[in-house]
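# Close look at the chain arrangement
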Amino acid sequence: QVQLVESGGGLVQAGESLRLSCAASGRAFSSYGMGWFRQAPGKERDFVAAINWSGGTTYYGDSVKGRFTISRDNAKNRVYLQMNSLKPEDTAVYYCAARFDHLSSLYDTKYDYWGQGTQVTVSS
């Protein structure tokens, strides 16, 4: 069993940055592929970024490529999402997810554990 707790969300102006953090409890964190997803009001949950067990392979959604960076620290059981040049359309609840597989995935149905989410609001 893995428990995930996100932090770092908040209210920022367009163009500013935020770093989200996801703390994982449980053993064998380095065995899990990790992902970030987001859901805006009235919309479906969208893929944001994913990272494999070692951090050597990453994927990004088209709307965040070049602005967001996913990383992980297996010694600290944490995964991060650095978000730069934020836009109002990035406003959403951001969720951290873990997949019991060394590989990550772009599909939310492939993930086994989810955090409670953290709100990110970007004002124009």
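Residues numbered from 1 in each chain as written. Predicted model: local features only at pLDDT ≥ 70, side-chain atom pairs only at ≥ 80, totals over all residues. Heavy atoms only, no water.

Taking burial as the measure, the six residues of strand E5 (residues 46–51) include five buried ones, the bulk of the element. Bridging between strand E4 (residues 33–39) and E5 involves five bridges; their strand directions are antiparallel. Its bridge partner lying in E5, Met34 is registered against Ile51. Here E4 hands over to E5 after six residues, with Gly42 in that stretch at a positive phi of 75°. (Buried < 20%, exposed > 50% of the residue type's maximum accessible area, 1.4 Å probe, protein only. Helix = DSSP H or I, 4+ residues; strand = E, 2+ residues; numbered from the N terminus. Pairing = 2+ DSSP bridges.)

In this section: the state of the cysteines. Evaluation of the coordinates by the stated rule reveals one disulfide. Here Cys22 pairs with Cys96 through a disulfide, and the sulfurs are 2.1 Å apart. One disulfide, between Cys22 and Cys96, carries an S-S torsion of -80° and so falls in the left-handed class. With a gap of 74 residues between them, Cys22 in strand E3 (residues 18–25) and Cys96 in strand E9 (residues 92–99) connect regions that are remote in the sequence. (Disulfide = S-S within 2.5 Å.)

So, about the pattern of salt bridges. Counted according to the given criterion, the structure contains four salt bridges. Salt-bridge contacts for Asp62 lead to Lys65; the nearest nitrogen and oxygen are separated by 3.2 Å. Asp90 is the salt-bridge partner of Arg67, the closest N and O atoms lying 2.8 Å from each other. One end of the pair, Arg67, is in the loop between strand E6 (58–60) and strand E7 (68–73); the other, Asp90, is in the loop between strand E8 (78–83) and E9, and 23 residues separate them in sequence. (Salt bridge = Lys/Arg side-chain N within 4 Å of Asp/Glu carboxyl O.)

These figures capture arrangement, not role.
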